[in-house]
Amino acid sequence: MKVKYLHTMVRVADLDATMRFFSLLGLRETGRIDNDKGRFSLIFMAAPGDEAAPVELTFNWDGDEGLPSDSRHFGHLAYEVEDIYAMCQHLMDNGVTINRPPRDGHMAFVRSPDNVSVELLQAGERLPPQEPWASMENTGHW
């Protein structure tokens, strides 16, 4: 039986804030479905060159009170990045909390505005440890 990955779906409460967050990671909108009858929008975002692996942001126009306060129950999204230190600095410069800093030069975790855990992994070999990351403590949970 053949299986093909399609996408990961996460429900979001603040579509604009969530799209800004994923844009900071380098993702771009690749598709959108606005369903007037169902009163929801599906926005697909993917990294350039990796459009076959999008994240689907599901936004219910009338709110989504069923959204859990901690979306970690589904696991996390993971993205490979060219320079984990540069990406974490870019995110911090734009107000994103680095929940698990890349102390090891390999892995970091952040959260979207909807509390979705996002893992960042260094492409290729891990980078040598460097400050401020090497001595930075975890913030919150990831």
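What you see is a predicted model; the values in this text were computed from it and never measured.

A. Spotlight on the overall build of the protein chain. A count of helical and extended segments in the protein chain gives 2 helices and 8 strands. For the protein chain, the succession of helices and strands along the chain, N to C, is β-α-β-β-β-β-α-β-β-β. For the protein chain, whose C-alpha radius of gyration is 16 Å, the value lies close to the compact-globule estimate of 14 Å for 142 residues. In terms of overall dimensions, the protein chain has a C-alpha envelope of 50 × 35 × 30 Å along the principal axes. Residue burial in the protein chain is summarised as follows: out of 142 residues, 40% are buried. Taking as baseline every contact in the protein chain between residues at least 6 positions apart, the subset at least 24 positions apart corresponds to 59%. Summed over all atoms, the accessible surface of the protein chain reaches about 8,100 Å², with 51% contributed by carbon and sulfur. Measuring between centres, the 13 positive side-chain charges of the protein chain sit 5 Å from its 22 negative side-chain charges.

B. The arrangement of the pairing of strand β3 (residues 40–46) in detail. Within β3, 6 of the 7 residues are buried, which leaves it mostly tucked inside the rest of the structure. Connecting the antiparallel pair strand β2 (residues 28–35) and β3 is a turn made up of 4 residues, with Arg-39 showing a positive phi of about 60°. Judged from the 6 bridges that link them, β3 and strand β4 (residues 55–60) form a sheet pairing that is antiparallel. Among the inter-strand pairings, Ile-43 is bridged to a residue of β4, identified as Leu-57.

C. Layout of unusual backbone geometry. Cis geometry is adopted by the peptide bond preceding Pro-132, which originates at Glu-131 and carries an omega value of 10°. With phi around 60°, Arg-39 is a residue other than glycine that occupies positive phi space. Relative to the helices and strands, Arg-39 resides in the loop between β2 and β3. Residue Arg-39 is classed as partly exposed on the basis of its relative accessible area of 38%. Even without glycine at this site, Asn-115 takes up a positive phi of about 75°. Position of Asn-115 relative to the elements: it lies in the loop between β7 (107–111) and β8 (117–122). Judged by its relative accessible area of 18%, Asn-115 is buried.

Conventions we followed
Residues numbered from 1 in each chain as written. Predicted model: local features only at pLDDT ≥ 70, side-chain atom pairs only at ≥ 80, totals over all residues. Heavy atoms only, no water. Helix = DSSP H or I, 4+ residues; strand = E, 2+ residues; numbered from the N terminus. Rg over C-alpha atoms; globule rule 2.2 N^0.38 Å. Buried < 20%, exposed > 50% of the residue type's maximum accessible area, 1.4 Å probe, protein only. Contact = heavy atoms within 4.5 Å. Areas by Shrake-Rupley, 256 points an atom, 1.4 Å probe, with all protein chains shown as cover. Lys, Arg positive; Asp, Glu negative; His and termini not counted. Charge placed at Lys NZ, Arg CZ, Asp CG, Glu CD. Pairing = 2+ DSSP bridges.

All quantities given are derived from atomic positions and should not be read as evidence of function.
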